[in-house]
Amino acid sequence: MKSHGIRYFDNNATTQVAPEVFEAMTPFLTSQWGNPSSAYSLGHDAAEAVNVARERAAALLNSDPREVVFTSCGTEGNNTALRSALEVSPGKRHILTTSVEHSATIKYCQYLQRSGFEITLLPVESDGSIDLHLLEKSIRPDTALVSVMWANNETGVLFPIEEIAAICRSREVLFHTDAVQIPGKLKIDVKSLGVDFLSLSAHKFHAPKGIGLLYIKRLSRFQPYVIGGQQERGLRGGTENVPGIVGLGRAAELAVANLDVEDRRVRAMRDRLENTILRTIPGTTRSGAREPRLPNTSNIAFDSVEAEGILLKLDQIGICVSSGSACTTGSLEPSHVLTAMGLNAARARGSIRFSLGVYNTDDDVDYVLKHLNPIIAELRAESPRAEIRSESQHPSSKTRQRQREHQVSVD
Ligand code: PLP
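Residues numbered from 1 in each chain as written. Predicted model: local features only at pLDDT ≥ 70, side-chain atom pairs only at ≥ 80, totals over all residues. Heavy atoms only, no water.

Chemist: How should I be thinking about the overall build of the protein chain in this particular structure?
Modeler: A tally of regular secondary structure across the protein chain gives 15 helices and 15 strands. The globule rule puts the C-alpha radius of gyration for 411 residues at 22 Å, and the 22 Å found for the protein chain is close to it. With respect to the principal axes defined by its C-alpha atoms, the protein chain has extents near 65 × 55 × 40 Å. Buried positions account for 55% of the 411 residues belonging to the protein chain. (Helix = DSSP H or I, 4+ residues; strand = E, 2+ residues; numbered from the N terminus. Rg over C-alpha atoms; globule rule 2.2 N^0.38 Å. Buried < 20%, exposed > 50% of the residue type's maximum accessible area, 1.4 Å probe, protein only.)

Structure follows, in structure tokens:
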């Protein structure tokens with residue numbers, strides 16, 4: 001199933017709800033609308049559906065179902081893990097993380113810093129990797145938590161989570177990983193990874209927005225963030241989002257089933273797209289290590305052109321991609337990830353992220369390859385800034401204009 005006329009290359013931002021997921025959710029939006037805490041059968045049926053979804057989510061993680069706590073999104077999972085680690089060890093006031101985390105971690109760390117906690121943001125190498133010796137050296141006696149994302153959402157670069165978890169264990173420090181970009185792309189096995197906390201967000205793997213989970217290793221000391229009723233065994237208050245949870249459970253099953261497809265078919269399409277662009281369009285460079293990397297992501301810098309201009313032109317012909325900039329009124333802020341990797345502002349502002357998914361076809365890739373080269377040539381022939389101004393006044397770019405008016409970032 002495809003949205004009409006759209007060639008979607010932004011699967012790291014969000015994904016299309018799978019028809020199977022929609023079908024599984026529908027009864028819980030129509031006839032089965034009970035509250036799982038209610039004592040009558042309408043409630044029991046909803047509670048049973050939540051249990052089934054928890055088992056499916058646990059199968060995705062290779063965890064015990066009791067280690068799964070449903071949340072509202074990846075941001076909540078990250079915030080909760082960081083906050084909990086500080087609260088269970090009041091004497092520890094330091095968090096160690098990286099300079100390329102998603103804003104769901106970095107912005108929360110900045111907030112913690114303003115509240116008196118200490119934060120270390122580890123630098124990255126020019127290929128987006130981190131130095132594990134530096135990580136180990138940066139752990140302090142008062143470090144409450146180390147938080148390192150498994151895959152970077154902008155470049156797809158993977159971090160060695162198993163090794164980092166081993167370092168943290170040997171130093172008796174809790175370890176959280178933001179694994180939001182992983183389901184359906186890589187196998188997850190929390191037992192062999194050895195992490196204490198792991199966050200996921202269902203809209204990144206073909207379920208709807210507004211539902212996620214936090215894996216909490218059994219018997220870990222944990223302080224809930226959302227406090228209220230006894231839902232989620234007292235670990236997260238608030239009436240369960242039953243349709244969302246059911247959707248997440250079905251999407252978890254599909255993610256396991258589609259893993260092979262993503263790794264082979266999607267990787268082949270990504271590689272063809274990336275290699276052809278780098279070979280046929282002059283002044284292009286890939287950002288981030290070639291490997292280890294997510295099979296679906298490619299981040300490419302186009303010299304002497306503003307990514308916003310490319311994005312707008314592609315949007316006009318139905319192609320969705322992300323740019324490596326955050327736009328504020330009148331200016332383009334280069335991505336913190338690309339800047340941390342040492343790209344200069346101009347190159348970061350000329351960067352486009354392509355992120356493919358299971359619904360992409362070879363025809364989509366051909367379509368992009370056919371149109372991209374002339375678009376880049378045209379933009380390079382004009383003044384990039386003038387191009388952006390004229391595009392933003394065009395009625396067909398209303399959505400992009402809205403983005404310009406409010407700060408947006410790459411998800
Ligand atoms: N972490 C990463 C790596 C992401 O890509 C995203 C996506 O936006 C998030 C966290 C936040 O997830 P959510 O949108 O569900 O809050």
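Chemist: How do you make sense of the site of the ligand when you look at a structure like this?
Modeler: Not every one of the 13 residues close to the ligand is listed here, only the nearest: T75, D178, Q181, S201 and K204. H102 has a polar side-chain atom sitting 3.2 Å from an oxygen atom of the ligand. Here an oxygen atom of the ligand and a side-chain polar atom of S201 are 2.5 Å apart. Of the residues belonging to the shell around the ligand, the class tally is 3 nonpolar, 7 polar and 3 charged. (Near = heavy atom within 4 Å. Polar contact = N/O pair within 3.5 Å; in protein donor to acceptor, adjacent residues only side chain to side chain. Nonpolar A, V, L, I, M, F, W, Y, C, P; charged D, E, K, R; others polar.)

Chemist: Honestly, the pairing of strand β7 (residues 197-201) in this entry has me stumped. Any pointers?
Modeler: In the case of a regular strand, side chains alternate between the two sheet surfaces. Burial analysis of β7 places 5 of its 5 residues in the buried class, the great majority of the element. Because side chains alternate across β7, one face comprises the buried residues F197, S199 and S201, and the other comprises L198 and L200, equally buried. As judged from the 3 bridges shared by strand β6 (residues 174-178) and β7, these two strands associate in the parallel manner. In the strand pairing of β7, H176 is matched with F197. Of the pairings in the sheet, the one linking β7 to strand β8 (residues 212-216) comprises 5 bridges and is antiparallel in character. Following the sheet pairing, L200 is matched in β8 by L213. (Pairing = 2+ DSSP bridges.)

Chemist: It is not clear to me how the sheet that holds strand β9 (residues 284-286) should be interpreted in this structure. Could you clarify?
Modeler: Backbone hydrogen bonds hold the strands of a sheet together, and the pairing may be parallel or antiparallel. Overall, antiparallel pairing links the 4 strands, which are arranged β9-β10-β15-β12 in an open sheet. Looking at the sheet topology across the chains shown, the edges are occupied by β9 and β12 (322-323). Judged from the 3 bridges that link them, β9 and strand β10 (residues 297-302) form a sheet pairing that is antiparallel. Residue pairing in the sheet places T285 in a bridge with A301 of β10.

Chemist: Is there a simple way to explain the packing of aromatic side chains in this structure?
Modeler: Each aromatic ring pair is characterised by the separation of its centres together with the angle its planes make. Summed over the entire model, instances satisfying the criterion amount to 4 aromatic pairs. Taking the centre distance of 5.5 Å and the plane angle of 40° together, the rings of Y108 and Y111 count as tilted. One end of the pair is Y108 and the other is Y111, both in helix α4 (residues 103-114) and 3 residues apart, which spans about a single turn. Its relative accessible area of 7% is what places Y108 among the buried residues. Between R7 and the ring centre of Y367, over which it is positioned, the NZ or CZ distance is 4.2 Å. When the ring centre of F117 is taken as origin, the NZ or CZ atom of R93, which lies over that ring, is 4.4 Å away. (Phe/Tyr/Trp six-rings, centres within 6.5 Å; stacked < 30°, edge-to-face > 60°. Lys NZ or Arg CZ within 6 Å of the ring centre and 35° of its normal.)

Chemist: Can you walk me through the nonpolar core in this structure?
Modeler: Membership of the largest hydrophobic core comes to 66 residues, with the highest contact counts inside it found for F70, L135, V146, W150, I164 and L198. If we ignore the near neighbours within four places in the chain, the residues touching I164 are I130, L132, L135, V146, V148 and F175. Among the nonpolar cores identified, the runner-up in size contains 24 residues, and I300, A307, I310 and I375 belong to it. (Core = buried A, V, L, I, M, F, W, Y, C linked by side-chain atoms within 4.5 Å. Contact = heavy atoms within 4.5 Å.)

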